[in-house]
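# Structural features, examined
Given next are the chains, with one letter for each unit.
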Amino acid sequence: MPRELAFHGVYIPTVTVMFLVAMVLSWALDRFMSGLDLYRFFWHPALLRLSLFSCIFGAMALTVYR
Amino acid sequence: MVRNWLKSLEWRRGLNDWARSDGVTWIYIGKVLTAAFLTYWIAMRLELAQPRTAMITVFIVMQPQSGQVFAKSFYRLLGTLAGSVVMVTLMALFAQNSELFLGSLAIWVGFCCAGAARYRNFRAYGFVLAGYTAAMTGLPALAHPDTSFMAAMWRVLEISLGIVCSTLVSAAILPQSAGAAMRNTLYQRFGTFAQFVINGLRGESDPASFEASNVRFIADAVGLEGLRAVTVFEDPHMRRRNGRLNRLNSEFMTITTRFNALHQLLERLRRRGVTPAVQAIDPGLAALTRLLEPFAGRALTNADAALLANRLSVYKADLPEHVRSLRAEFVKTGPSDDDLLDFHTAYELLYRFVDDMHDYAQTHASLADHRHAREKWVEPFVSTTSWLSSLASGVRATFILGVMSVYWVATAWPSGASMTLVSAATVALSATTPNPRRMSFQMACGTFLGAVLGFFITFFVLPRIDGFPLLCMVLAPVFVLGTFLTTRPQWVGYGLGLLIFFSIGSAPDNLTVYNPYAFINDYIAMVLGMLLCAAAGAIILPPNSRWLWERLEGNLRQQVSFAISAPLRGIRSSFESRTRDLLHQAYGLAAGKPEVQRNLLRWMFVVLEIGHAIIELRREQDILPVHPSYESQPWRQAIRAMGRSLIRLFIQPDRHNLSRSLSAVDHAIVCVQNTDEPFAPHFDTSALRRVKSYLHFIRTCLLDPQSPLAGAASEQVSAASPQGQPNAS
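All of these numbers come straight from a predicted model, not from anything done at the bench.

Along the backbone of chain B there are 27 helices and zero strands. Since a compact globule built from 729 residues should have a radius of gyration of about 27 Å, the 30 Å found for chain B is in line with a globular shape. By its C-alpha atoms, chain B is 95 × 80 × 50 Å across when sized along the principal axes. Every one of the 729 residues in chain B was classed for burial, and the buried ones make up 48%. Pairs at least 24 residues apart make up 81% of the contacts formed inside chain B by residues separated by at least 6 positions.

Within chain A, the secondary structure is distributed over two helices and two strands. In sequence order, chain A lays out its α and β elements as β-β-α-α. Relative to the compact-globule value of 11 Å for 66 residues, chain A shows a C-alpha radius of gyration of 15 Å, a clear excess of over 25%. Taking the principal axes of the C-alpha coordinates as reference, chain A spans close to 45 × 25 × 15 Å. The burial tally for chain A puts 8% of its 66 residues in the buried class. Here the contacts in chain A between residues at least 6 apart in sequence split such that 53% fall between residues at least 24 apart.

All names here are of chain B. Partitioning chain B into structural domains gives domain 1 (2-176 + 384-539), domain 2 (179-234 + 241-369) and domain 3 (546-720). One C-alpha centre belongs to domain 1, the other to domain 2, and the line joining them spans 45 Å. Between domain 1 and domain 2, the residue contacts involve nine residues of the former and eight residues of the latter. Sorting elements by how many residues they give to the side of domain 1 that touches domain 2 places helix H4 (residues 66-94) first, with six residues. Of the residues in the side of domain 1 that touches domain 2, the class split is four nonpolar, five polar and no charged.

Here the focus is the interface of chain B and chain A. Listed by partner, the interface residues are 10 residues for chain B and seven residues for chain A. Each residue belonging to the side of chain B that touches chain A can be placed in one class, and the counts come to five nonpolar, three polar and two charged.

This part is about the nonpolar core. Across soluble globular proteins, nonpolar side chains have a tendency to be buried as a group. Membership of the largest hydrophobic core comes to 204 residues, with the highest contact counts inside it found for Leu105(B), Val109(B), Cys113(B), Val128(B), Ala428(B) and Ala668(B). The element contributing the most residues to this core is helix H23 (residues 594-622) of chain B, with 12 residues.

We now examine the UniProt feature "transmembrane region" (unreviewed entry) in chain A. All names here are of chain A. Per the UniProt annotation, the sites labelled "transmembrane region" (unreviewed entry) are residues 6-29 and 41-65. Between the C-alpha atoms that bound residues 6-29 the distance is 29 Å, and the span itself is 67% helix and 25% strand. Strand forms 0% of residues 41-65 and helix 80%; the C-alpha atoms that close the span are 34 Å apart.

Time to look at the environment of Gly297(B). Residue and element names in this part refer to chain B. Among the secondary structure elements, Gly297 is positioned in the loop between helix H12 (276-292) and helix H13 (302-332). Residues Gly297 and Gln188, spaced 109 residues apart in sequence, show a C-alpha to C-alpha distance of 7.8 Å. Ignoring anything within four residues of it in the chain, the contact list for Gly297 reads Gly191 and Gln195.

Here helix H14 (residues 337-366) of chain B is 30 residues long and its end C-alpha atoms lie 43 Å apart, about the 44 Å a rise of 1.5 Å per residue gives. Across the 30 residues of H14(B), 21 count as buried, placing the element largely inside the fold.

Looking now at the packing of helix H3 (residues 51-61) of chain B against helix H19 (residues 492-506) of chain B. Residues and elements named next belong to chain B. Look at H3 against H19: their axes get within 9 Å of each other, and the N-to-C directions meet at 175°. Considering their axes alone, H3 and H19 lie roughly antiparallel with respect to each other. Counting all contacts with H3, which are made through Arg52, Met55, Ile56, Phe59 and Ile60, the residues of H19 involved are Leu499, Ile500, Ser503 and Ile504. Its residues assigned to classes, the contact of H3 with H19 shows seven nonpolar, one polar and one charged.

What follows deals with the environment of Phe57(A). Residues and elements named next belong to chain A. Tracing the backbone through its elements, the reader meets Phe57 in helix H2 (residues 45-64). C-alpha of Phe57 to C-alpha of Val21: the two residues are 36 residues apart in sequence and 8.4 Å apart in space. Contact partners of Phe57, with chain neighbours within four places excluded, come to Met18, Phe19 and Ala22.

As a further point, take unusual backbone geometry. Even without being a glycine, His8(A) presents a positive backbone phi close to 50°. Tracing the backbone through its elements, the reader meets His8(A) in the loop between strand E1 (4-7) and strand E2 (10-13). Here Ala412(B), not a glycine, exhibits a phi torsion of approximately 50°, which is positive. If you trace the backbone, Ala412(B) turns up in the loop between helix H15 (387-411) and helix H16 (416-431). Assessed through the 7 C-beta atoms surrounding it within 10 Å, Ala412(B) is described here as exposed.

What follows concerns the pairing of E2(A). Pairing analysis gives four bridges linking E1(A) to E2(A), with the strands arranged antiparallel. The partner of Phe7(A) across the bridge, within E2(A), is Val10(A).

Turning to the confidence of the model for chain B, a few remarks are in order. Residues and elements named next belong to chain B. Per-residue confidence for chain B averages 83 on the pLDDT scale, and 94% of its residues sit at or above 70. At the low end of the mean pLDDT range in chain B sits helix H27 (residues 708-720), at 67; at the high end sits helix H18 (residues 468-486), at 92. Taken as a whole, residues 721-729 scores under 50 in pLDDT and shows one contact with residues more than four places along the chain or in a different chain.

The next subject is the packing of helix H25 (residues 655-673) of chain B against helix H26 (residues 687-703) of chain B. All names here are of chain B. Following both chains from N to C, one finds H25 and H26 inclined at 160°, their axes separated by 10 Å at the closest point. The angle between H25 and H26 falls in the class roughly antiparallel. Here the hand of the crossing between H25 and H26 comes out left-handed. Taking contact as the criterion, the partners of Leu658, Ser661, Leu662, Val665, Ala668, Ile669, Val672 and Gln673 in H25 are, on H26, Leu688, Val691, Lys692, Leu695, His696, Ile698, Arg699 and Leu702. Tallied by class, the residues present in the contact of H25 with H26 amount to 11 nonpolar, three polar and two charged.

Moving on, we get to the environment of Tyr514(B). Within the secondary structure layout, Tyr514(B) lies in the loop between H19 and helix H20 (516-539). Each C-alpha atom, one on Tyr514(B) and one on Leu312(B), is 73 Å from the other, the two residues being 202 residues apart in sequence.

Calculation notes
- Residues numbered from 1 in each chain as written.
- Chains lettered and ligands numbered in written order.
- Predicted model: local features only at pLDDT ≥ 70, side-chain atom pairs only at ≥ 80, totals over all residues.
- Helix = DSSP H or I, 4+ residues; strand = E, 2+ residues; numbered from the N terminus.
- Rg over C-alpha atoms; globule rule 2.2 N^0.38 Å.
- Buried ≥ 20, exposed ≤ 12 C-beta atoms within 10 Å, placed from the backbone.
- Contact = placed C-beta atoms within 7 Å.
- Domains from an automatic or database assignment.
- Nonpolar A, V, L, I, M, F, W, Y, C, P; charged D, E, K, R; others polar.
- Core = buried A, V, L, I, M, F, W, Y, C linked by C-beta atoms within 7 Å.
- UniProt positions renumbered as here; feature names shortened; annotations may be inferred.
- Expected span 1.5 Å × (residues − 1).
- Axes fitted to C-alpha atoms, helices over the stretch in contact; angles between N-to-C directions.
- Parallel < 35°, antiparallel > 145°, perpendicular 65-115°, else oblique.
- Pairing = 2+ DSSP bridges.
- pLDDT = per-residue confidence, 0-100.
- Left-handed = near helix turned anticlockwise from the far one by under 90°.

What follows is the structure, given as C-alpha cells:
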C-alpha cells in the first residue's frame, strides 16, 4: 500500500484514512455485538471495544508500514 | 482477638465509606489528571500549535460519568466544526473591515447563546461551542486573516485530540457509568413513590412533605430524561432498552399525576370528616396499601417489578366486583347525588391509577429482556423552553460582545482581543446555567486565583525546571484544586475559571514565552471581561427574576389549552413532560423564594389534574362506539363549550372566568346525565359514567378552595375594592 494517498491533489497519510475506516468497522462490529447481546459475557465492555478498535486499526496499519 | 477483629472491621467500614464518597472524587481527579497530561504530552510531541487548547478540552469535557463525557465530546466536536466554519466564512467576507466582522460575530454568539438556552441538555453545549469557537479562533487571527484557516484547522485537531484522550481515559480506567446511575435512580424511585402512595392513601401525608415528594419526582423525571439521552452514547445494553426507558419515564409521570388527582379528591372528602362516602371508599384503598407495602422504601428490581405486576393484575381483576358490592352497601345509606358521584369518581381514579401502575410495573419488568414488544414507544419526552428566556440570553450575549468590541476598537488595547474572547466564552458557558450572573462571577474569581497561581508558576517555577515530568508535577496541584472545585456543585464556576483560564494564560506551549507585561495585561483583561458578563447577567433581563417566573407560570397554565386543542396522538406523554419540564425550570429559577415556588407548584397540580381529566375525556370520546346516543349530542357540544371556557380561564384566571367555567362544567354534567345510554350502566362498561366522573373531577378541581384558581379569584376581589391600581407592585 502507498503511504500517502492523493485526494484531489492533497496528500493524506494512508493511516488517517485507515483510522476512519477502522472506526466505521468497529462501529459496525459494536452494533452487531450489542444486537446479539454479546457484551454480557465481558467484564469491561468499554475496554473490549477499545481493544477491538486497536486490533482492527493495528492490523490495517500493518499493511502499510510492514 | 475479638477486639482486633472489631478494630479492623471498623477501619474497613471507614475505608469503604471513604471509597464510596470521597474516593470517587479522588479517582475522578486522578482520571482528569491522567487524561490532561496524556493529551498535553501527545499534543507537544506532535507539535500542535497550542497544546493547551487540547488540554483545556479535557477539562471542559471531563465529567464523573463516562456517558456524559461521550455526549459532551460528541456535541463539542459538532460545535467546534460549526464554529470554525462560521469563523472562516466571516473572515473571508469581512477580513478588511474589523467592525463588520465583530458585529457579525456578536450576532452569531448571540444566536448560539439563544440556542444554548433553548436546548438545555448537552445539545446546548454544542451551541455554546459553536459560539465561542468562532470567537476563540477568529479574534486572535483578526490581525492576520491569512492565518485564520490554519488556526481553525489546528483547533479542530487539538480538540479532537483532547476528546479522544478524555473519552479513552474515562471509559477505560475505572469507569463510572451513567447507565448504572440511571438504573439506581430508577429502582430507588419506585420505592420512594410506593411509600408516598401509602402515606397518601392513609391520609397521613402533610402538605409540606407531599409537595417536597412531588418536587423530587419531577426533578427525577427531568433528570432521568437527561441521563437517558446520555446513556445512549455509552452503553449498548441501555441503548437496546431506550424505548422502554422512555416509556417508563412517561408512565411514571402518568401515575404520579393520577395519584395526585386521587389524593386531591380524597383530601377534599376527608376534610369533611368521616362521612359514609369515605367509609365506602376506604376498603379499596386499604387493599391497595397492603399490596404496596412490601415494595415501599426499597429499590424495585426487575424481578420485583414482575411480582408487582402480577399482584396488581389480580387486584385490578377483583376491583370491579369489589366496587359493585361496596356500592350496593353505600347506596343503602341513601347518599346524595353528589356523594354518589364522589364515590364513582374516586373509584374511577383508583382503577385508572392501578391500571397505569400495572403498565409501569410491566414495562419495568420488561427491562430484564434484551428484546421486548414494549420497546416500541413513540411518545418521547418533550421539553419546552420559553422563547423569551432564550431570546434574553441571546440579546445579553450580543450586547456584551458588542460593548467589548466597541471598547476594543475604540482604545486599540493590545489585550482587547483576550477580553472579547474571554467574555464570549464566559457568556456562552454561563448561558446554560439557571443563574448566569453567579456563574460569571464565580468564573471571574476562579480566573483571578488562576492568574495569581499562574504568575507564580510561570515566572518563579518554570524557569527552574526541565522536562515534561517536572512540568506535570508543577501543574498538577493547580489542576487538582480546580478539578476538586468542579466536583462540588456550588463551586463549579470557581473550578472552571481556574482550570480553563489558568491553562490559557499559564500552561506553556512548546516554545515558552516569558512576557510579564502581556501576561498581566491579559489576565486583567480576562477578569474584566468576566466581571462585565456578571454585571450584564444581573442587569440585562436576569433570568432569575419576577418577569420570567410570571412568564413561565403563564406558559404552565397554557398547557391546559395544549391538552384541549393539540392532536390526540401522543398527547398524554407530551403534556406530562412539557408541564413538568416547565415547572422544573421555573422552580430552579425561583430558587430561594419558597413562596413563588409553592405557588408554581400549586398551579402545576391544577394544570396537570385538569389537563389530564380533559385528555381522558377526549380519549373516551375518541373510542366511543358508533351509536346515536354518542354522536353529535348536546353533551358533546357542552363538553366542547367547557373546553373553550377552560382555555379562557387558564389564560386569564379571574372570578368572572371561573364562574363561567363552573357553569359550563355543570351544564355538561347535566347534559351527560340526561343522555340515555344503550348499554347497562355498569361501572366498567358505561362510557358516559366515566365521562361524568371526569367532569365531576374537573368540577371539584375548580371548586377547591385551596387551589390557586380560587386564590386568583379572591385576590381580584380584594384588589378591586381598595383602589384601582392592580399593577402598582
